[in-house]
Each structure stands twice: as C-alpha cells, then as structure tokens.
Amino acid sequence: MPASEFMRLALEEARLALGWSSPNPAVGAVVVRDGQVVGRGHTQPPGQSHAEVMALADAGDQAWGATVYVTLEPCSHQGRTPPCTRALTAAGVAEVVYAIADPDPNVRGDGHRQLEEAGIRVSSGDGAEESSLLLEGYLKQRQTGLPFVIAKFATSLDGRIASASGDSRWISGPEAREWAHTVRATLDAIVVGSGTVLKDDPQLTARPGGATEGIHQPLRVVLDSTGHIARKAEMLSSGAPSLVVTTAASPPAWQQELRDAGIEVLLLPARNGHVDLEALVQALGDRGCLTVLFEGGGKVLGSLFDSKLVDRVHAVVAPMVIGASYAPSPVMGQGAQRMANVLRLREVQVERLGADILVNGLV
C-alpha cells in the first residue's frame, strides 16, 4: 500500500535528515489535527532532538488529541536524548501511525507497547516500503553491524571508464555529476583507492549546485595499502573529514607525516597485498556509518564484488564508445567464471540523467 498523504510529508522530512542524523536513523514526523498539519520535524544531528520531539515542539498546544505520523517506530529508551514515547505521551497525542518497526534491540516493539499502555492508539505499515528504502542503511547496520554498501561507477556503452591513455574526464555528463553530488550529501562515507587519488586528485566532497556551504559532507576514505598518496592531495584538504586506510606495508614515517598534519590514519590487515575490504566495511560500521559509497577504481570495485560486500549498484551509462582492449573497465577482480554465477540485480530502476542512463538496483 502506498504511503498516505500525511506519511508522504513525514517521508519528505526524513529525507532532510539523511547523513546529518547518523548513526541515528533519518526519521521524519508530522502532527495532524482536524485534517491539518500543525507540526513537522526531522531527526537532528546526534545528541539533539529526534523527529517526534521536533514535530511536537512545532505543533505546541495543538498536539493535544492529534495524530502523529512518523516514519519509524518511536524510540522507547534513554539514550543521548529521552525516549520519544515519553514525549508523545506527555504531549497528549491521541494516535501514532508509524511506517516500520525499529530493529534496534533497545526498541524492537517496545515503543509500540509503551504507547498502547499509555492509552494511545497505535498502528503501523503506512508507507512501509518507502520508509524501508529510505532507511536501508540504518536497517542493515542495526541488524548486522555492517553499513549498507553502494558500488557506483560511470561507464561508456562498451564498458570503459577511461580512454586508452587513462583520460577519464568526463565519462558522465553534467546532469549525472549533479545527481552524484546530491547523493553524496546523504551518505556517511565515500571510498576510493589510491590510484584514483593519484590519477584524478578528486575532492570527494558533496557539491550539489556547486556549493558546499550548509551541505552534509561524508567521511572521505582513501585506501592506500603501501603509502603512495601525498599530503597535498585534494581529498586530504580541510573542509570535510578524511580517513586514510593503510596496512603494515606502508612506511611508518609516511603514516606519521599524515597524523602530524591532523589526518586520521587507520591501520587494517592486508589481504592479497591490499587493505582487507571486509575489515574496512566492519570498521566503518563500528564507527556508526550507515551507508557507504565505493567509487573505485576498477581494482577496488572488483575486490568489493569478489568479496560479496555490495548491497546496491549505481551504474551510470554514457552514450559513447571508447574502444581499445586495454582501456580500463569499472569492475575488475576475479569475477564470475560461469554465467550461472554472475551477479544480477533485482528491483532495478532505470532513469535518464540528461543524455546518460542510471541503472540502480539491489544485489
């Protein structure tokens, strides 16, 4: 069943919290009285108010006897903030409609129970599909401890990410690049390999509309197993958090130089001479990252797919043919030996981004 009118408004609020609220879920809420929205709100950064509290504050006295639509089961435990069930009860709301249950062990049905025991009518399921999609990172992280992993690449029609000389600017068009910056602003981390940094020197910031002010910036992560990137790399500049992930094979002096410059360095085990990606994904989950985007290059994405760590694929296909048998491809690694074992996507969505085509699907 599609979301109701009021739950759609709550989902709009929830989208405003993506990235900002992590490691808390991005939740939206609206307060409805006599068929009119009298309050709305979304989850604030960690340690600040949750969506229900923001919406109740916006509604003020009009919350008494009202119905609250919220995209996730209200929390019922004392964390960095008091439980939302307490705030809803104190406000005197008559009914709470939430989209999906919270899998967090501290909640998991207890929010529903506490509200009912307080005499509040409670129902769930309105907008469940939309909320589950919006909260896919939170749901996976709470259930497994691991973040939701997205593999993203832009390729030509013949499956190339650069010309024979290595030139890769630009495969995708301006509309696709704008879309990519909009997505970045909703993420917790974005990961690239050292080869991408050495070749392209990307900023890896979210710049929708060309601006960074007031935009959530994901953690910028570079994998450099043996210590090649320079301190002056753009992604190590100020303005957004950065993390260099390396192994014991990198020079200790290089590691210390980065640390002395205020850059965080994480030492992880190696696998086949490179950073162990399973250990990396676990480490990012331990940091509270809910959604992590891997942008490449081909060796990193190949290892990611070979390790079966990918949850979703964002593939941008540009209407161009590059040619050359030795031009790089977006996904390398060992790959599938038989067609019966190839990775296939489900729940596939296809949309136009200017002249390019976006293929978006779950693994």
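Up top you'll find the structure we're talking about.
Residues numbered from 1 in each chain as written. Predicted model: local features only at pLDDT ≥ 70, side-chain atom pairs only at ≥ 80, totals over all residues. Heavy atoms only, no water.

(A) Focus on the overall build of the protein chain. Per the secondary structure count, the protein chain includes 11 helices and 16 strands. Computed over its C-alpha atoms, the radius of gyration of the protein chain comes to 22 Å, within 12% of the 21 Å expected for a compact globule of 363 residues. Counting only C-alpha atoms, the protein chain reaches 65 × 45 × 40 Å along its principal axes. Here the analysis covers contacts within the protein chain between residues at least 6 apart in sequence; of these, 69% occur between residues at least 24 apart. For the protein chain, the distance from the average site of its 31 positive side-chain charges to the average site of its 40 negative ones is 6 Å. (Helix = DSSP H or I, 4+ residues; strand = E, 2+ residues; numbered from the N terminus. Rg over C-alpha atoms; globule rule 2.2 N^0.38 Å. Contact = heavy atoms within 4.5 Å. Lys, Arg positive; Asp, Glu negative; His and termini not counted. Charge placed at Lys NZ, Arg CZ, Asp CG, Glu CD.)

(B) Structural context of the pattern of salt bridges. Within the structure shown, the criterion is met by 14 salt bridges. Between D276 and R271 there is a salt bridge, with the nearest N and O atoms lying 3.4 Å from each other. Of the residues examined, R271 reaches a relative accessible area of 39% and is grouped as partly exposed. Each of the salt bridges in this network shares a partner with another, and the network as a whole consists of E12, E13 and R40. (Salt bridge = Lys/Arg side-chain N within 4 Å of Asp/Glu carboxyl O. Buried < 20%, exposed > 50% of the residue type's maximum accessible area, 1.4 Å probe, protein only.)

(C) The arrangement of unusual backbone geometry in detail. Cis geometry is found at the peptide bond from S22 to P23, where omega equals 10°. By the secondary structure assignment, P23 is in the loop between α1 (5-15) and β1 (28-33). The phi dihedral of R108 is positive, around 40°, even though this residue is not glycine. You can see R108 is positioned in the loop between β4 (95-100) and α4 (110-117). Within the chain, E347 stands out as a residue other than glycine whose phi angle is a positive 50°. When you line up the elements, E347 lands in strand β15 (residues 346-353).

(D) Broad picture of the nonpolar core. Counting 40 residues, the largest nonpolar core has M7, V31 and V96 as the members making the most contacts within it. Sorting the residues of this core by element identifies α1, β1, α2 (51-59), β3 (67-72), β4 and α6 (136-144) as the ones contributing at least two each. Those residues in contact with V31 that lie beyond four places of it in its chain are Q36, V37, V38, G39, A55, L56, A59, A63, A66, T67 and V68. If you look at the next biggest cluster of nonpolar residues, it comprises 29 residues, including F148, W254, V265 and L293. (Core = buried A, V, L, I, M, F, W, Y, C linked by side-chain atoms within 4.5 Å.)

(E) Expanded view of the pairing of strand β14 (residues 312-318). Across the 7 residues of β14, 6 count as buried, placing the element largely inside the fold. In terms of strand pairing, strand β6 (residues 148-156) meets β14 through 7 bridges, oriented parallel. Its bridge partner lying in β14, A151 is registered against V313. With 6 bridges connecting them, β14 and strand β16 (residues 356-362) associate as antiparallel partners. Paired with V313 across the bridge in β16 is G361. (Pairing = 2+ DSSP bridges.)

(F) Highlighting the sheet that holds strand β10 (residues 264-267). With mixed pairing, the 9 strands of this open sheet are ordered in space as β10-β9-β8-β7-β13-β6-β14-β16-β15. The open sheet terminates on both sides in strands that have one partner only, identified here as β10 and β15. Across the sheet, the axes of successive neighbouring strands diverge by a mean angle of 20°, strand direction being ignored. With 5 bridges connecting them, strand β7 (residues 189-193) and strand β8 (residues 219-223) associate as parallel partners. (Axes fitted to C-alpha atoms, helices over the stretch in contact; angles between N-to-C directions.)

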